[in-house]
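Listed here are the chains, written in short residue letters.
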Amino acid sequence: MQFKRAHITNFKLLENVEVDFSVDRARPLTVIRAENGSGKTSLLTALQWGLYGEKALEDHTVPLSASHWPAGTPCEISVELAFNHTAYVVVAGQEHVRTREYRLKRTVTEVVEGGKPRRSSEQISLLELTDRGAEVIRAPRQLLEQILSADLRYVFFTNGDAAMNFISPQLTRSDKRSQVRDAIKALLEIGVIEDAINHVRRVQASKRKETGSVGGDVARLASQVEELTTRLEELESKKKEITDALADLTTRHETADRALQEALQRGNQEELAKRLANVKQRLAGAQKMLAELSHEHQALLNSEALSWSLMDVRLRAGANVLRGMHDAGIIPKTAVPVLRDRLALERCICGASLAHGTPARQAVEEEIDRQRASDAFQQRLTRLYHQAEADVADRDVGQFSWDSRLEAVLINRTEWEKVLQEARAEEESVRKQIEAIDRVDIDEKRRNRMSIGSALSQKREQLQQVELDVAMVGQSLAQVREQYDEVRKRHNKLRRVNAQLTAAQDVLSVLDGVMDELQGAYLERVSGRMDELFRQMIAADTDLPEQMRVITGASITPEFDIVVHAGNRTLNPDHELNGASQRALTFAFIWALTEVSDTVAPRVIDTPLGMMSGYVKRGVLDLISSPPTLSEPDRQVALFLTRSEIAQVEDLLDQRAGVVFTLTNTAAGDLTCRHESDHPRIVRCECNHRQYCHVCSRLDDATYGLISREEKPCQ
Amino acid sequence: MPVNDVVNPFLNASLRIPARDWPLVEKFTTTQQAQADPDKVPFRRYVDLWWAGLCIGVREGRRTELPPNEWHRFNDGTPLSADPWRIIHLQLLAVGLTEDAKILDDPGAIVQMANEYCATGLPMLLEAMNQSTEPIMVASEFLRERCVVAVIAGAG
């Protein structure tokens, strides 16, 4: 998973904040500069809430809306996330990589009364953006769980202080052990079972609450169904309007594009226009070919070849039985004509008389009757025998070799995927070259195309928005209808739920045993990787006390204690490491967890470099922000940093950060410029880690050597 | 003999799968979602997925019996006529497993046997597909691994 951007509305002080993330492989770091009280923790929570909803919240009794929001007034809170997910699937020893684009929206309405929040049920809508348009994902929660398990959120979304819980001297040894054990347990992804049990418990609890108010419930639910149906109709109508407008704009865009290309062809840019037309043709060709290959791949899963490959021995056994019958002369039946001839001759092959009235003649006549009765069956057997013989012969000459066909399809798919990627890259490159042409006649046409393109993008955005709303309202409608059905089926369902609960508990007890075994294996892997990373991070720490410069590594004991080794001694990191090295050790542990999890997801860390300085700070940042090597998948790291954390590592951020911006609380006491706002809120400006402007300027700008982005910041 | 001449003796038999697997069978077949991307919906008809489950069950060598109310009947044997090779395979399989051609006289018993093999293999395949965003790739590797083992072990 890679975040592209997030839009947060009314989540704490994040009233209307757009956050974008670096997707540049060479600069995988996103830096969000924010001082204390400037929305870092809220943003960290909002991102998790967007993905996982209520279960991402530490304390459910704390409101999500801002404290200035009027009591008793509904507040609609939403988080929209644009992200992609790359799946790496190994088939027949070959790795197949496929990236899909998604857009997620989660909303909830909250009313706060007496300081206590009351929230509606969350609405979630997930779209996949494909070449064919936006497709609604029918089971969004399941897909999100596949992409980034909720169990792993503590590993991928952390803050510097909470991370210290793994080795903090403020906690008891048993607390620390359980933190480490739980983190490793999370890698085992047992959340599905825990969720199942929680789900059953929730259902059970809700069923108990239901009393005799069936009639009232039915009326209420019927009214809700009506309201939602009307809303859905309105949205569908709006969707149609936008779709029509989109079709019109698409035509205009194509016309403008053609006009631009013609203009280019007239001038000395003819070559570029030709290349663009050519690359578009290649793109279309590759897309078509990939679609065909996808269908061919599907046909392979439904093929006779697969049946043969999986059941070869059994099918041959059947053919052998028939062959045996054939060899024994049981099929095909040829005895009836012979017996008839013998009756006509009134003499058996053995020489006995078959004259009328003899017992032998009667026996032969009975045999003929019996064989005639079984003729139909014999014919079927004979036909099956011949079919089997032909199929086995084909199989023997390799006609039904499924795995070689699969391999051929996979190789083709990989090659065409490559063609597609190359064509896309070339298209982008040619477009950039065309955009760079600075000629008046072309400029006008280019502006026209861009203007229509921009309108087109906006319309597409609107369409996605409406599609999200349609999906959301559709889901609400389905939920309400389901509730309506559930009310009626209450008694029967309760019995079934109890049975499910018992079953889930049984399964969990079995899994506990298995999990202990697995934990040991994972512990070893995490421990080994943590050791390597920790040694890298502290390699140049000259601030360490003399005795600590001989650190030979770190490990996790079977009892889940994190310890540091110095020669023959085992050190307790709580008391025998300085603060910076403690943080480095914690990050080494967390980083090892993310790597061992085999999950590719954004690593979002709030205040990671607090309490660090010097070489350790640089060592930690260097390691966590380094771009992936050629063989590694994309990675993404988002750091929420204060100015003091940024100090002394600005040059490293220059190299590694693909996106940098600043968040500011308009009510912060040390701002230099006054913000016109009747309530505190978090605002974004484009200042990077070396800049300030009228939005983010603070009294200590000079201390950190920041430079102004504007001539006169405060006016 | 051309397979087009194959007579379908299973027309009146009931093709069944475990009822609990039905939602995922719908998810991974295009019957109810004609425009679906084959990469995400790797099987065309219910009978295709049923057949894949049967093949895996036979490969595992295990039948799963279920009480009558835990089966879901999704069709009679008509869809088998569209792929006559399946009719031949079903019959050969039945003869191979019982080592007696008399079983061919009881199409209902053959299909019930197939249903029970399917009840073993189908949940395994569905679970694998349901854990990934790329079901066709996962299904391919799942089936390929079993084909490889079948070749090595000479089992089936």
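This structure is a prediction, so every number in the text was calculated from the model and none was measured.

Here we take up the state of the cysteines. The tally for this structure, following the rule as stated, stands at 0 disulfides over all chains. With no disulfide of its own, A:Cys685 has A:Cys696 as its nearest cysteine by sulfur position, at a separation of 3.7 Å. Assessed through its relative accessible area of 4%, A:Cys685 is described here as buried. With no disulfide of its own, B:Cys147 has B:Cys55 as its nearest cysteine by sulfur position, at a separation of 8.7 Å. Under the relative-accessibility criterion, B:Cys147 is labelled buried at 2%.

A separate point is the packing of helix α3 (residues 84-98) of chain B against helix α4 (residues 107-130) of chain B. Residues and elements named next belong to chain B. Relative orientation of the contacting elements α3 and α4 amounts to 85°, with a least axis distance of 10 Å. Viewed along their axes, α3 and α4 adopt a mutual orientation that is roughly perpendicular. Only Ile110, Val111, Met113, Ala114 and Tyr117 of α4 make contact with α3, whose side of the interface consists of Leu90, Ala94 and Leu97. The residue makeup of the contact of α3 with α4, split by class, is 8 nonpolar, no polar and no charged.

Bringing the confidence of the model for chain A into the picture now. Per-chain confidence: chain A averages 82 in pLDDT, with 85% of residues scoring 70 or above. Predicted confidence is poor over residues 207-215 of chain A, with pLDDT under 50, and the contacts of this stretch with residues over four places away or in other chains come to 9 contacts.

Looking at the secondary structure, you find A:Arg635 in the loop between α18 (614-624) and β14 (637-641). A distance of 2.8 Å separates a polar side-chain atom of A:Arg635 from the backbone oxygen of A:Ser626.

Here we come to the sheet that holds strand β10 (residues 551-556) of chain A. Residue and element names in this part refer to chain A. The strand order β10-β11-β12 describes an open sheet built from 3 strands, whose pairing is antiparallel. Across the chains shown, the open sheet's two edge strands, defined by having one partner strand only, are β10 and β12 (569-571). On average, each strand axis in the sheet is tilted by 30° relative to the strand beside it, whichever way the strands run. Pairing analysis gives 5 bridges linking β10 to strand β11 (residues 562-566), with the strands arranged antiparallel. Across the sheet, the residue bridging to Ser555 is Val563, located in β11.

Enumeration according to the criterion identifies 51 salt bridges over all chains in this entry. Between B:Asp37 and A:Arg100 there is a salt bridge, and its shortest N-O distance comes to 3.9 Å. With B:Asp37 in the loop between α1 (22-27) and α2 (46-60) and A:Arg100 in strand β5 (residues 94-113), this pair bridges two chains. You can call B:Asp37 buried: its relative accessible area is 14%.

Residues and elements named next belong to chain A. Strands sit in the order β9-β13-β14-β3-β15-β16 across an open sheet of 6 strands; the sheet is mixed. Bordering the open sheet on either side are β9 (157-159) and β16 (682-685), each of which pairs with just one other strand. Pairwise comparison of adjacent strand axes, ignoring direction, gives a mean angle of 20° for this sheet. With 4 bridges joining them, strand β13 (residues 603-606) and β14 adopt parallel strand pairing.

Moving on: the nonpolar core. Residues and elements named next belong to chain A. Core analysis: the largest hydrophobic core is formed by 99 residues, its most contacted members being Phe3, Phe83, Phe534 and Phe589. A per-element tally of this core places helix α17 (residues 579-596) first, with 11 residues. In contact with Phe83, other than residues within four places in its own chain, are Met1, Gln2, Phe3, Lys4, Arg100, Glu101, Tyr102, Leu104, Leu126, Leu144 and Ile147.

Moving on to the interface of chain A and chain B. Listed as interface residues are 54 residues of chain A and, on the opposing side, 56 residues of chain B. With both chains or domains summed, chain A and chain B bury close to 4,900 Å², and 63% of this area falls on carbon and sulfur atoms. At the surface where chain A touches chain B, the tally comes to 6 salt bridges. Connecting chain A to chain B are 16 residue pairs in polar contact (both at pLDDT 80 or more). Within the residue set of the side of chain A that touches chain B, elements represented by two or more residues are β4 (75-91), β5, α2 (140-147), α8 (270-301), α9 (304-327), α12 (375-396) and α13 (402-435) of chain A. Broken down by element, the side of chain A that touches chain B gets its largest block of residues, 16 residues, from α9(A).

Residues and elements named next belong to chain A. Burial within β11 is extensive, with 4 of its 5 residues counted as buried. Following β10, the chain reverses through 5 residues before pairing antiparallel with β11; Phe560 in that reversal takes a positive phi of roughly 75°. Remark: 2 residues form the turn of the hairpin made by β11 and β12, two consecutive strands paired antiparallel; Gly567 in that turn has positive phi of roughly 60°.

Before going further, it helps to spend a moment on the environment of A:Ala478. Relative to the assigned elements, A:Ala478 resides in helix α14 (residues 440-488). C-alpha separation for the pair A:Ala478 and A:Leu228, spaced 250 residues apart in sequence, amounts to 9.7 Å.

Residues and elements named next belong to chain A. Under the 1.5 Å per step criterion, the end-to-end length of helix α1 (residues 40-52) is 18 Å for 13 residues, consistent within 8% with the ideal 18 Å. Judged by how many residues are buried, α1 sits mostly within the fold: 11 of 13 residues are covered. Taken together, the buried positions of α1 are occupied by Lys40, Ser42, Leu43, Leu44, Ala46, Leu47, Gln48, Trp49, Gly50, Leu51 and Tyr52. Following α1 by one or two positions, Gly53 has its phi on the positive side, about 70°.

Procedures and definitions
Residues numbered from 1 in each chain as written. Chains lettered and ligands numbered in written order. Predicted model: local features only at pLDDT ≥ 70, side-chain atom pairs only at ≥ 80, totals over all residues. Heavy atoms only, no water. Disulfide = S-S within 2.5 Å. Buried < 20%, exposed > 50% of the residue type's maximum accessible area, 1.4 Å probe, protein only. Axes fitted to C-alpha atoms, helices over the stretch in contact; angles between N-to-C directions. Helix = DSSP H or I, 4+ residues; strand = E, 2+ residues; numbered from the N terminus. Parallel < 35°, antiparallel > 145°, perpendicular 65-115°, else oblique. Contact = heavy atoms within 4.5 Å. Nonpolar A, V, L, I, M, F, W, Y, C, P; charged D, E, K, R; others polar. pLDDT = per-residue confidence, 0-100. Polar contact = N/O pair within 3.5 Å; in protein donor to acceptor, adjacent residues only side chain to side chain. Pairing = 2+ DSSP bridges. Salt bridge = Lys/Arg side-chain N within 4 Å of Asp/Glu carboxyl O. Core = buried A, V, L, I, M, F, W, Y, C linked by side-chain atoms within 4.5 Å. Buried area = accessible area lost by both parts, 1.4 Å probe. Expected span 1.5 Å × (residues − 1).

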